[in-house]
Amino acid sequence: MPKCFEEKPARLGFHMPAEWEPHQQCWIGWPERLDNWRDGALPAQRTFVEVATAISKFEPVTVCVSSAQYTKAYDCFHESGNIRVVEMSMNDAWLRDIGPTFVRLDRKPASRDQEDKIAGIDWKFNCWGGPEDGCYSDWSLDVLVAKKILEIEKLPRFPHRMVLEGGSIHVDGEGTCITTEECLLNPNRNPDMTKEEIEQELMMYLGVSKVIWLPRGLFGDDDTNGHVDNMCCFVKPGMVLLAWTDNELDPQYDRSVEALSVLSNTTDAKGRKMEVIKLHIPEPLYMTKEESDGVISLDKTAKPRLEATRLAASYVNFYIANGGIIVPAFGDEKWDEQAYNVLSSAFPNHEVVMIQGAREICLGGGNIHCITQQQPAIPCIDLK
């Protein structure tokens, strides 16, 4: 059985790599909840297949799927030489938030018996807000996913008592973390911890020395209370993409402006002034009656998906693969095209792949970054 560390990762020499650093593989879930995914989850499943297939062109993919859905998922992927399907029980398919946050050892170990170069943090998960504010009432299977993945990979585990989801943090791999106060300081996460205490834990577990706090996340991202991965992400050290709108009447405008103010008046862990690239959001998108009616809620234990709800649609919610940028498209020709051009310019060494069915993920409360989790490659250098 893989070891379980009681020591904090940074003290052993671990840190969370940037997403653009080499991956061993990508982990992704499989949607099936009838009370979150419309029309028997079939449209969402088609999009998950599209996402997994796109990523598999750049790196191996592991799809986690329940026993009830295993045969169906296997049939979708078995002809791919770069996608494996593993059976895993989950309450829903948000691997970014319920899976482990992988960390890597990039310097000589703190002790002679420390040979592991990749490990995973198993944060506490409370379904984005606990019994009162969470997205569904039972998340007893989700809390085991990180442990199961690390067991499959035979990787050490760092358990943590702090509530945190992977979508609430982004790092540059050189000591800087970016997050939002709206999420991490929300009373439904860690009410017994101060901002300073949360920041210290981020430093000790992610191996960072600077935390940049944006006030709020994307407008309408109520499910996660403003995860940063819908709002802002690193392109490289010292450079970020920021969800933006030029429409001053859009409630998102004030959020983007205040985030820009924070970013423009801070430096990263290395003292670099932050360069901000604006990535315009699509025109406001709303859940249709047909989409809402397609969600079946029999026992009323999940957050309702209501007609006319504004969707938390953002191009920032993309996945960086080994040589690929897998980004949502929303059917907004103007802003889809601009997002493609901005991302192609920001990542000149990557191929940008737009996922045309991404609205289906958005209907469920997230997007491509939310359903994926990168596992970093083992460093080639000799650390002994």
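Residue numbers run consecutively from 1 along every chain, following the written order of its sequence. Local features are withheld for residues below a pLDDT of 70 in this predicted model, meaning they are given only at 70 or higher, and side-chain atom pairs are given and counted only at 80 or more; totals for whole chains, interfaces and linings count all residues. As a rule here, side-chain values come from all non-hydrogen atoms in the structure, and water together with hydrogens is ignored.

- The chain carries the name Agmatine deiminase in an unreviewed UniProt entry, which gives Canna indica as its organism.

1. Some details on the packing of aromatic side chains
Part 1: Under the pairing criterion, centres of Phe, Tyr and Trp rings, with the six-membered ring standing for Trp, must be within 6.5 Å; the plane angle then separates stacked pairs below 30 degrees from edge-to-face pairs above 60, leaving the rest tilted. Taken as a whole, this structure holds 13 aromatic pairs when the rule is applied.
Part 2: A centroid spacing of 5.5 Å and a plane angle of 75 degrees characterise the contact between F14 and F158, whose relative ring orientation is edge-to-face. Of this pair, F14 sits in strand β1 (residues 14–15) while F158 sits in strand β7 (residues 157–163), and the two are 144 residues apart along the sequence.
Part 3: Here the aromatic cluster, defined as three or more aromatic residues joined through ring pairs, consists of F5, F14 and F158.
Part 4: Over a ring means this: the NZ of a Lys or the CZ of an Arg is within 6 Å of the ring centre and within 35 degrees of the ring normal. Above the ring of Y136, the side-chain terminus of R33 is found at 4.3 Å from the ring centroid.
Part 5: Against the face of W244 rests K278, its NZ or CZ located 4.0 Å from the ring centre. Numbering of helices and strands starts at the N terminus; helices are DSSP runs of H or I of at least 4 residues and strands are runs of E of at least 2.

2. Comments concerning a nonpolar patch on the surface
Part 1: On the surface, L34, I296 and L298 cluster together to form a nonpolar patch covering roughly 310 Å² of accessible area.
Part 2: With respect to the helices and strands, I296 occurs in the loop between α9 (289–293) and β14 (319–320). Nonpolar side chains (Val, Leu, Ile, Met, Phe, Trp, Tyr) are joined into patches within 5 Å and like charges within 9 Å, using only residues with over 30% relative accessible area and no salt bridge. Residue exposure ignores everything except the shown protein chains as possible cover, and the areas themselves are Shrake-Rupley values with a 1.4 Å probe. When a carboxyl oxygen of Asp or Glu lies within 4 Å of a side-chain nitrogen of Lys or Arg, that pair is called a salt bridge.

3. Concerning the sheet that holds β7
Strands in a sheet are paired, the pairing made by backbone hydrogen bonds, and the direction either parallel or antiparallel.
Part 1: DSSP bridges decide pairing: two strands pair if at least two such bridges lie between them. Strands sit in the order β1-β5-β6-β7 across an open sheet of four strands; the sheet is mixed. The sheet terminates laterally at β1 and β7, the two strands that pair on one side only.
Part 2: When strand β6 (residues 118–124) meets β7, the two strands line up parallel, connected through four bridges. Opposite K124, over in β7, you have V163 as the bridge partner.
Part 3: It only takes one pair of heavy atoms within 4.5 Å for two residues to be counted as in contact. Lines fitted to C-alpha atoms define the axes here, with helix axes fitted over just the stretch in contact, and angles between the N-to-C directions of these axes take values from 0 to 180 degrees. Against the sheet, helix α5 (residues 145–153) touches β5 (101–105), β6 and β7, its axis set at about 165 degrees to β6.
Part 4: Contacting β1, β5, β6 and β7, helix α7 (residues 195–206) runs over the sheet at an angle of about 165 degrees to β7.

4. Considerations on the sheet that holds strand β3 (residues 61–65)
Part 1: Strand order in this open sheet of four strands is β4-β3-β2-β17, and the pairing throughout is mixed. A strand with exactly one partner marks an edge of an open sheet, and here the two such strands are β4 (83–87) and β17 (372–376). In this sheet, adjacent strand axes meet at a mean angle of 25 degrees when their direction is disregarded.
Part 2: Taken together, the five bridges between β3 and β4 define a ladder with parallel strand orientation. The residue bridging V61 from the neighbouring strand is I83, located in β4.
Part 3: Taken strand by strand, α5 contacts β2 (23–28), β4 and β17, and its axis lies near 140 degrees from that of β2.

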